[in-house]
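Coordinate analysis (summary)
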Amino acid sequence: ANPRNDFQTQKSFLTVEKQSSVTGEWEIVLVDGDWETKFKWQSRYVAESLITIEWQTSENTEPGTYRIKTFGVSKSLL
């Protein structure tokens, strides 16, 4: 989805989440506004988007299970 479809002003285009080893719940540790993350978008063809998400870890990154989630809003071609 083109990021201009919804600027996500009160949300994020991406989150990095860490799974708790105790409860198994996922906790957001980073969002698109953090220096360690980058969200890159490219338009492809007429109605296709390509996104690239980068996360720069450091020696302070705690070991564990992480996932990256992305959010967007699509719209009809018509």
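Figured I'd write up the structure that's included with this text. What you see is a predicted model; the values in this text were computed from it and never measured.

Let us now look at the overall build of the protein chain. Secondary structure summary: the protein chain contains zero helices and five strands in total. Reading the protein chain from its N end, one meets helices and strands in the order β-β-β-β-β. Split into buried and exposed, the 78 residues of the protein chain put 15% on the buried side. At a minimum sequence separation of 6, the contacts of the protein chain that also span at least 24 residues come to 48%.

Here the structure, examined in full by the defined rule, presents two aromatic pairs. Residues Phe13 and Phe39 carry aromatic rings whose centres are separated by 5.1 Å and whose planes lie at 20° to one another, so their mutual orientation is stacked. Taken together, the residues Phe13 in the segment before β1 (14-19) and Phe39 in strand β3 (residues 37-44) connect sequence positions 26 residues apart. Both rings, one in Trp55 and one in Tyr66, keep their centres 5.0 Å apart while their planes meet at 55°; by these two values the pair is tilted. Taken together, the residues Trp55 in strand β4 (residues 48-55) and Tyr66 in strand β5 (residues 66-70) connect sequence positions eleven residues apart.

This part covers the environment of Thr61. Residue placement: Thr61 occurs in the loop between β4 and β5. For Thr61, the contacting residues outside a window of four places in its chain are Trp55 and Tyr66.

Turning to the sheet that holds β5, a few remarks are in order. Ordered in space as β2-β1-β5, the three strands form an open sheet in which the pairing is antiparallel. Since the sheet does not close on itself, it has two edges, and those belong to β2 (26-31) and β5, each with one partner. Averaged over all adjacent pairs, the angle separating strand axes in this sheet is 35°, with direction ignored. Where β1 and β2 come together, five bridges link them in antiparallel fashion. The partner of Thr15 across the bridge, within β2, is Val31.

What counts, and where the lines are drawn
Here the residue index of a chain counts from 1 through its sequence in written order. With the structure being a predicted model, the display of local features is reserved for residues of pLDDT at least 70 and the display and counting of side-chain atom pairs for 80 or more, all residues being used for whole-chain, interface and lining totals. Note: side-chain values were computed over all heavy atoms of the structure, leaving out hydrogens and water. By the criteria applied, helices consist of DSSP H or I runs no shorter than four residues and strands consist of E runs no shorter than two, each listed in order from the N terminus. Categorising residues by exposure relies on relative accessible area from a 1.4 Å probe, with only protein chains included: less than 20% of the type maximum marks a residue as buried, more than 50% marks it as exposed, and the intermediate range marks it as partly exposed. Only heavy atoms enter the contact rule, under which two residues are in contact if any of them lie within 4.5 Å. For this analysis, a ring pair means two rings from Phe, Tyr or Trp (six-membered ring only for Trp) whose centres lie within 6.5 Å, classed as stacked if their planes differ by under 30 degrees, edge-to-face if by over 60, and tilted for the remaining angles. Note: two strands are recorded as paired if DSSP finds a minimum of 2 bridges between them. Geometry is summarised by axes, namely lines fitted to C-alpha atoms with helices restricted to the contacting stretch, and by angles between N-to-C directions that run from 0 to 180 degrees.

Keep in mind these numbers describe shape, not what the thing actually does.
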